[in-house]
Amino acid sequence: MSQTKEHIDVLLQSCMEGKQSAQLEVYNRYYKAMYNTAFRIVKDSAEAEDVMQESFLNAFTKLHSFKGEVAFGAWLKRIVVNNSIYHYRKQQKNNEVALDDIMYKVEDNDGITSDHVFTELKAQKVMETMKRLKDNYRLSLTLYLIEGYDYEEISQIMNISYANCRTTISRAKDSLRKQLVIAN
């Protein structure tokens, strides 16, 4: 067993015993990744922070149900994804959609865009374009391309059939390509 795996197991045991220092260490180890996951789905910084906090509370109160069949980080990420989807759908029902589709351009001191910045801008453009996709396309692509879930996991998360999941992701990719071509 690796040192970090053993260490997380000890930390989780301490968390189940109610030790706040262990909970804080687990939180500090995972909060950035979980915030980023939530933010990509809910598209709002404050909402992502709330989802992340709620997800950690859920995880700590349901830690006894963690069987260790998958890595703790994967288990926690599933909680964050499910909570994010729930909050996003709730937000959509309330029509509280954030309007943050602002692109910006960063230049070097010489006024010439560097390769790194250019690549970053292209990635930013893809992310901004993804935000304009239909909800099911954006969500499926986020889970597939960014979060790394496979078709079977996505079909379970989105509560759709495996075939429908593959079709949705294929159509989402086509839609993203078309919108990127139009934008250029």
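Residues numbered from 1 in each chain as written. Predicted model: local features only at pLDDT ≥ 70, side-chain atom pairs only at ≥ 80, totals over all residues. Heavy atoms only, no water.

A. Here's a closer look at the packing of helix α4 (residues 72-93) against helix α6 (residues 135-146). Their axes nearest at 13 Å, the elements α4 and α6 cross at an angle of 165°. What the angle tells us is that α4 and α6 run roughly antiparallel. α4 and α6 meet at a crossing whose hand is right-handed. Across the interface between the two elements, Val81, Ile85, Tyr88, Arg89 and Gln92 from α4 touch Asp135, Arg138, Leu139 and Leu143 from α6. (Axes fitted to C-alpha atoms, helices over the stretch in contact; angles between N-to-C directions. Helix = DSSP H or I, 4+ residues; strand = E, 2+ residues; numbered from the N terminus. Parallel < 35°, antiparallel > 145°, perpendicular 65-115°, else oblique. Left-handed = near helix turned anticlockwise from the far one by under 90°. Contact = heavy atoms within 4.5 Å.)

B. Region of interest: the pattern of salt bridges. Evaluation of the coordinates by the stated rule reveals 6 salt bridges. Between Lys19 and Glu17 there is a salt bridge, with its nearest N and O atoms 3.7 Å apart. Given a relative accessible area of 42%, Lys19 falls into the partly exposed group. A salt bridge links Arg29 to Glu25; the nearest nitrogen and oxygen atoms lie 3.7 Å apart. Residue Arg29 and its partner Glu25 are located together in helix α2 (residues 20-42), separated by 4 residues, close to a single helical turn. In the salt-bridge network here, residues are joined through shared partners; they are Arg40, Lys77 and Glu147. (Salt bridge = Lys/Arg side-chain N within 4 Å of Asp/Glu carboxyl O. Buried < 20%, exposed > 50% of the residue type's maximum accessible area, 1.4 Å probe, protein only.)

C. Inspection of the packing of α6 against helix α7 (residues 151-158) at higher detail. Interhelical geometry of α6 versus α7 gives an angle of 140° and a closest axis separation of 10 Å. Overall, the two elements α6 and α7 adopt an arrangement that is oblique. For the element pair α6 and α7, the recorded crossing hand is right-handed. On the side of α6, the interface is formed by Asn136, Leu139, Ser140, Leu143 and Tyr144, while α7 contributes Tyr151, Ile154, Ile157 and Met158. Each residue belonging to the contact of α6 with α7 can be placed in one class, and the counts come to 7 nonpolar, 2 polar and no charged. (Nonpolar A, V, L, I, M, F, W, Y, C, P; charged D, E, K, R; others polar.)

D. Region of interest: the environment of Gly18. Position of Gly18 relative to the elements: it lies in the loop between α1 (3-16) and α2. Taking C-alpha positions, Gly18 is 9.9 Å from Thr61, a pair spaced 43 residues apart along the chain.

E. Structural context of the packing of aromatic side chains. Counted under the stated rule, the structure contains 10 aromatic pairs. Both rings, one in Phe72 and one in Trp75, keep their centres 5.8 Å apart while their planes meet at 40°; by these two values the pair is tilted. Of the two residues, Phe72 and Trp75 are both situated in helix α4; the distance of 3 residues between them amounts to about one turn of the helix. In this pair, the class of Phe72 matches that of Trp75, namely buried. One aromatic cluster is present, formed by Tyr27, Tyr31, Phe56 and Phe60 through successive ring pairs. Sitting over the ring of Tyr149, Lys77 keeps its end group 6.0 Å from the ring centre. The ring of Tyr88 has Arg138 lying over it, and the distance from NZ or CZ to the ring centre is 4.4 Å. (Phe/Tyr/Trp six-rings, centres within 6.5 Å; stacked < 30°, edge-to-face > 60°. Lys NZ or Arg CZ within 6 Å of the ring centre and 35° of its normal.)

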